Structures are given as structure tokens and as C-alpha cells.
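Single-letter residue listing:
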Amino acid sequence: MNRQEYMKQLKEQLKRLPKEDFARAVEYYEEYFAEAGEENEAKAIEDLGSPKEAADQIICDMALNYSKKPVKDVRSGINGLWVAVLALFAVPIALPLLFSGVALVIAALVAVWALLLALLVMAGCVVIAGPLTMIAGFSVITKSFPVFLCCVGMGFMHIGIGAALTFGIYLLCRRLMGWTLHGIARLIRKEGKKHA
């Protein structure tokens, strides 16, 4: 999706707003894209979310703003009421989608961490199997020297592969933890900017 498609869908979602509010919202998003520049257009779209989410957020914010302002005349009161009604209809759709999205992200993180834990346990088992294989080799040294050498070699191989896997998984866990914390911090900053 590019800027033109995004703005077209956003305008379609906001077409029932009063003219002044519609123009203000469209102008804000046009300025946002202009400040981001063409090279950062995809990043700007990612930060803004889908046009539907952006429209729902605009309608909710406008409903809150209208609820705080005193009614000066009947027409502006009707506009505020209209926006409140639109926001009321948007809530049953937006909240389940929001909760579903959060649940999916949490489930994905839990699955990734569970997989990494399983890989770490597997690597630990490979490391533990090394000395056990060597001990088994020493138990048959008097019966078959080639079997002893094979067991000792496999033991060293297990220790080496297990240590390499353990270290690699440790590095992967550190990287994933950094990405997770960075993503959470970015979400918090984004929410702070929306409310500011």
C-alpha cells in the first residue's frame, strides 16, 4: 500500500464526518506523510496502522473532544452527537480486534520463547551425552579398543556440538529479548504521541 491508496481508504472511512473535522484529519495525515518523505512512506504507514484503525482513532478522539466542549449552538451539538454515535458503533468492532491482535502477539512471543527453551534443553542434553558416551567407552576399553575410541570421539563431538548450540541459542535469546523490549518501547512511545 502506498500513500495515495492509504489516503483514499482513510477518506472513505471518514467521509461521514463534518466537513471541518474531515478536512482537519485529512490535512494532518497529509502533513504527516509530507514530513516523513517518500523514502520513509512505508515506515509512516506502518506507524499509523491501517486506515480503518486510524479512522477509528480519529473518531474516538473527536468524540472525546466534543464531549469536553460546551455546546454553543444546536448544529455543533448535533455534530458532536453524530460523532459520538459513530464512535459508539466503532467500539464493538475495534475492541475485539484490538484484543485479538494483542492475544496473537502474546501467543507468538510465548511460542518463540518456548521453542528457544526447548532448543536450549536439547543442547544441554547433547552436552550431557558427551561425558556419558565417554564413560561408556571406558567401560568397554578392555573388550574392544576401536569401540572405546569411537565412544570417546563421539563424546568429544557431543560436547563440542552441544556447547556451540548452547552458545548460539544464548545469543539468539539475547537478540530476541532486545527486539522484544525495543518493540514494546516503540509501542509505548507511539501511544504516548497519540495521546499527546
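The shown structure was predicted, so the numbers you read here are calculated from the model rather than taken from an experiment. (Residues numbered from 1 in each chain as written. Predicted model: local features only at pLDDT ≥ 70, side-chain atom pairs only at ≥ 80, totals over all residues. Heavy atoms only, no water.)

**What to know about the side chain of Asp 56**
Stage number 1. If you trace the backbone, Asp 56 turns up in helix H4 (residues 51-68).
Stage number 2. The contact partners of Asp 56, leaving out residues within four places of it in the chain, are Ala 90 and Ala 94. (Helix = DSSP H or I, 4+ residues; strand = E, 2+ residues; numbered from the N terminus. Contact = heavy atoms within 4.5 Å.)

**A word on the environment of Ala 129**
Stage number 1. With respect to the element layout, Ala 129 can be found in helix H5 (residues 74-139).
Stage number 2. Separated by 26 residues in the primary sequence, Ala 129 and Gly 155 place their C-alpha atoms 7.0 Å from one another.

**Some remarks on a nonpolar patch on the surface**
Stage number 1. On the surface, a nonpolar cluster with roughly 630 Å² of combined accessible area is contributed by Val 91, Leu 95, Leu 98, Phe 99, Val 102, Ile 106 and Val 110.
Stage number 2. Its location among the elements puts Ile 106 in helix H5. (Patch = residues over 30% accessible without salt bridge, like charges linked within 9 Å, V, L, I, M, F, W, Y side chains within 5 Å. Areas by Shrake-Rupley, 256 points an atom, 1.4 Å probe, with all protein chains shown as cover. Salt bridge = Lys/Arg side-chain N within 4 Å of Asp/Glu carboxyl O.)

**Here's the deal with the packing of helix H2 (residues 19-36) against helix H3 (residues 41-48)**
Stage number 1. Two elements in contact, H2 and H3, have axes separated by 9 Å at closest approach and are oriented at 140 degrees. Relative to H3, the element H2 is oriented oblique. Crossing angle aside, the handedness with which H2 passes H3 is right-handed. Seen from H2, the contacting residues are Tyr 29, Tyr 32, Phe 33 and Ala 36; seen from H3, they are Glu 41, Ala 44, Ile 45, Asp 47 and Leu 48.
Stage number 2. Taken together, the residues of the contact of H2 with H3 sort by class into seven nonpolar, no polar and two charged. (Axes fitted to C-alpha atoms, helices over the stretch in contact; angles between N-to-C directions. Parallel < 35°, antiparallel > 145°, perpendicular 65-115°, else oblique. Left-handed = near helix turned anticlockwise from the far one by under 90°. Nonpolar A, V, L, I, M, F, W, Y, C, P; charged D, E, K, R; others polar.)

**Things to note about the pattern of salt bridges**
Any two side chains of opposite charge can pair, on the condition that their charged atoms come close.
Stage number 1. With the rule as written, the count across this model stands at six salt bridges.
Stage number 2. A salt bridge links Glu 46 to Arg 186; the shortest N-O distance between them is 3.0 Å. Of this pair, Glu 46 sits in helix H3 while Arg 186 is found in helix H6 (residues 145-195), placing the two residues 140 residues apart along the sequence.
Stage number 3. Of the residues examined, Arg 186 reaches a relative accessible area of 34% and is grouped as partly exposed.
Stage number 4. Close ionic contact of Lys 52 with Asp 56 constitutes a salt bridge, the shortest N to O distance being 3.1 Å. Placement of the pair is Lys 52 and Asp 56 together in helix H4, with a separation of four residues, close to one helical turn.
Stage number 5. By relative accessible area, Lys 52 is classed as partly exposed at 32%. (Buried < 20%, exposed > 50% of the residue type's maximum accessible area, 1.4 Å probe, protein only.)

**Re the packing of aromatic side chains**
Stage number 1. Enumeration over the complete set of coordinates arrives at six aromatic pairs.
Stage number 2. Summarising the aromatic geometry, the rings of Phe 167 and Tyr 170 are spaced 6.3 Å apart at their centres and angled 35 degrees between planes, so their arrangement reads as tilted. Taken together, the residues span about one helical turn, with Phe 167 and Tyr 170 both in helix H6 at a distance of three residues.
Stage number 3. Residue classification places Tyr 170 among the partly exposed residues on the basis of a relative accessible area of 42%.
Stage number 4. Ring pairs connect the aromatic residues Tyr 28, Tyr 29 and Tyr 32, which therefore count as one cluster. (Phe/Tyr/Trp six-rings, centres within 6.5 Å; stacked < 30°, edge-to-face > 60°.)

**Some thoughts on helix H1 (residues 3-14)**
Stage number 1. Across its twelve residues, H1 extends 16 Å between first and last C-alpha, which sits within 8% of the 16 Å expected from 1.5 Å per residue.
Stage number 2. Every buried residue belonging to H1 is among Tyr 6, Met 7, Leu 10 and Leu 14, and all of these are buried. Relative to the axis of H1, the buried residues are bounded by an arc of 95 degrees and lie together on one face. Exposed side of H1, more than 90 degrees from the buried face: Gln 4 and Lys 8 are the residues found there.
Stage number 3. The backbone nitrogen of Gln 4 lies 3.2 Å from a side-chain oxygen of the residue at the head of H1, namely Asn 2. (Expected span 1.5 Å × (residues − 1). Arc of directions from axis to C-beta. Polar contact = N/O pair within 3.5 Å; in protein donor to acceptor, adjacent residues only side chain to side chain.)

Just geometry here; none of it tells us what the structure is for.
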